[in-house]
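The lines below spell out each chain.
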Amino acid sequence: MTEPSRTVEVERKYDVDGETPLPVWEAIPGVDAVTAGEARALDAQYFDTADGELARAGVALRRRTGGPDEGWHVKGPRQGDGRLELGWPLGEDDELPAAVADTVSAWTTAPLTPLARIRNDRTAYLLTGPAGVVAEFVDDRVQATDLRSDVQREWREWEMELGPAAPADDEARAAFFDAVERAVLAAGGRDSASGSKLARALGF
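Everything in this summary refers to the structure shown in the same document. (Residues numbered from 1 in each chain as written. Predicted model: local features only at pLDDT ≥ 70, side-chain atom pairs only at ≥ 80, totals over all residues. Heavy atoms only, no water.)

## Some remarks on the nonpolar core
Grouped together as the largest cluster of nonpolar side chains are 22 residues, with contacts concentrated most on Trp25, Ile28, Phe137, Trp158, Met160, Phe176 and Val180. For this core, the element with the most residues is helix 3 (residues 170–187), which contributes seven residues. Residues within four places of Val180 in sequence aside, it is in contact with Tyr14, Trp25, Ile28 and Met160. Judged by nonpolar contacts, the second largest core, of 12 residues, contains Tyr46, Ala116, Val142 and Trp155. (Core = buried A, V, L, I, M, F, W, Y, C linked by side-chain atoms within 4.5 Å. Buried < 20%, exposed > 50% of the residue type's maximum accessible area, 1.4 Å probe, protein only. Helix = DSSP H or I, 4+ residues; strand = E, 2+ residues; numbered from the N terminus. Contact = heavy atoms within 4.5 Å.)

So this is what it looks like as structure tokens:
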């Protein structure tokens, strides 16, 4: 079986209006530079069983094109402050790869059908410090379709995800995210009203 990539995703999400200016990151501990924005056009389809077995288990399965990590992804249930995300290459067609199906079988072996399509015009910025990338900040303009009800939704959101040079201990991480939240609120952002893009696409 193909070995997947493994990433523990620790992030914060924020809702933001369409014309809100980007935050100013000058007061973020451990950050001394921010890269220029990199545009990414992302297109993802999410899958689940007819009765939502993956969602009930806190699992998300998607196939995404665009960006540096395009491919098949399985996001596992939340564990503490993060989620384990497994990734596989796209493959030669749209069929669910055997390695991904084998992983998902830990939660369900029922047939999987498309649940939602999420297209995202993303601009990504790296916040860097002396040891490398502290975090990645993304400005997302999202167009989502609930494929089961054919309802479309649009919104803008920000995400800040810890990078390889992020603070290692809980106290320093808390201080980092506290500073991020102050910058976000000062710019006009607010805490996210939804737990994920998929949940929001489905009206939750």
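Here the narrative resumes, following the displayed structure.
## Observations regarding the pattern of salt bridges
Inspection of the entire model under this criterion finds 19 salt bridges. Of the charged contacts, one joins Glu159 and Arg122 as a salt bridge, the two residues approaching to 3.9 Å between their closest N and O atoms. Here Glu159 is found in strand 10 (residues 151–162), whereas its partner Arg122 is found in strand 8 (residues 113–129), with 37 residues between them in sequence. Its relative accessible area of 9% is what places Glu159 among the buried residues. Across the pair Arg156 and Asp139 runs a salt bridge, and its minimum N-O distance is 2.9 Å. (Salt bridge = Lys/Arg side-chain N within 4 Å of Asp/Glu carboxyl O.)

## What to know about helix 3
Helix length check: helix 3 (18 residues) gives 26 Å between terminal C-alpha atoms against 26 Å at 1.5 Å per residue, within 8%. Three or more residues of helix 3 are buried, namely Phe176, Phe177, Ala179, Val180, Ala183, Val184 and Ala187. An end-on view of helix 3 places all buried positions within 155° of arc, on one side of the element. Facing away from the buried side of helix 3 by over 90 degrees, the exposed positions are Asp170, Glu171, Arg182 and Ala186. Tucked into the core, helix 3 has its buried residues touching strand 2 (11–16), strand 9 (132–146), strand 10 and strand 11 (190–191). Measuring from the side-chain oxygen of the N-cap residue of helix 3 to the backbone nitrogen of Glu171 gives 3.3 Å; that N-cap residue is Asp169. Just beyond helix 3, the residue with positive phi is Gly188, at close to 115°. (Expected span 1.5 Å × (residues − 1). Arc of directions from axis to C-beta. Polar contact = N/O pair within 3.5 Å; in protein donor to acceptor, adjacent residues only side chain to side chain.)

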